Amino acid sequence: MNDSETNAAFEPDEPASIKQDRLWSDNGWTARVIKNEDDDGWAVAMIKDGEAEPALVGPWTMGRDKKNPKPLDANAFQTLVKTASEVLRRHEQHLHAMLHKRITVSAADGPVEVTLDIVPDDYEPYAILSALDPFGEELAQVRVDAGFKLNRSSATKWVEGGFGAVR
């Protein structure tokens, strides 16, 4: 075994956890107690590793001296991680709902599920309009403008028009 292999064996795969009164970092999250800019109190920011912006910023409890913040502890950190994770999960669900729409319309051969999947590209956003039969088999797919409004009327018109290009 050479020196680099020896050193690699002792290097941790994950960053070491930090457990200080105003800074905790563990399991992919960092909690930082900060001075609240808006008043005399304190706030806590929860940042997921690798992210530039906090997932959650909220008020933090004052300590017994009514001047300094209450120190972070294991229970508070775990609660903050759980809350911040839930905020991220809800944000992802909202984003998914905004980018993926689905509606079922009646057609001559039975129900057709029409989906709209928006691709939010910074330069050329677009969407994919698809039609699926009741078994999930794709009947048609076309590229449409990202601003295409999927509703019962537009879906029915597309299906009844033979899945042609949409303007």
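Fair warning: this is a prediction, and the values are worked out from it, not measured in the lab. (Residues numbered from 1 in each chain as written. Predicted model: local features only at pLDDT ≥ 70, side-chain atom pairs only at ≥ 80, totals over all residues. Heavy atoms only, no water.)

Things to note about the nonpolar core
Okay, step 1: Formed by 18 residues in total, the largest nonpolar core has its most connected members in Val114, Leu116, Leu129, Val144, Leu150 and Trp158.
Okay, step 2: When residues of this core are assigned to their parent elements, the largest contribution, four residues, is made by strand S7 (residues 110-119).
Okay, step 3: When neighbours within four sequence positions are excluded, Val144 is seen to be in contact with Leu116, Tyr126, Ala127, Leu129 and Val166. (Core = buried A, V, L, I, M, F, W, Y, C linked by side-chain atoms within 4.5 Å. Buried < 20%, exposed > 50% of the residue type's maximum accessible area, 1.4 Å probe, protein only. Helix = DSSP H or I, 4+ residues; strand = E, 2+ residues; numbered from the N terminus. Contact = heavy atoms within 4.5 Å.)

A closer look at the environment of Leu56
Okay, step 1: Residue placement: Leu56 occurs in strand S5 (residues 56-60).
Okay, step 2: Separated by 108 residues in sequence, Leu56 and Gly164 have C-alpha atoms that sit 45 Å apart.
Okay, step 3: Look past the residues within four positions of Leu56 in its chain and what remains in contact with it is Val44, Ala45, Met46, Leu80, Thr83, Ala84 and Val87.

What about the packing of aromatic side chains?
Okay, step 1: Counting across every chain of the model gives two aromatic pairs.
Okay, step 2: Seen in terms of ring centroids, Trp24 and Phe77 are 5.7 Å apart; in terms of plane orientation they differ by 35 degrees. Their pairing is tilted. Of the two residues, Trp24 sits in strand S2 (residues 23-26) while Phe77 sits in helix H2 (residues 74-99), which places them 53 residues apart along the sequence.
Okay, step 3: With a relative accessible area of 1%, Phe77 lands in the buried category.
Okay, step 4: The interplanar angle of 80 degrees and the centroid separation of 5.2 Å between the aromatic rings of Trp158 and Phe163 together place this pair among those described as edge-to-face.
Okay, step 5: Exposure remark for Trp158: the relative accessible area of 5% places this residue in the buried category. (Phe/Tyr/Trp six-rings, centres within 6.5 Å; stacked < 30°, edge-to-face > 60°.)

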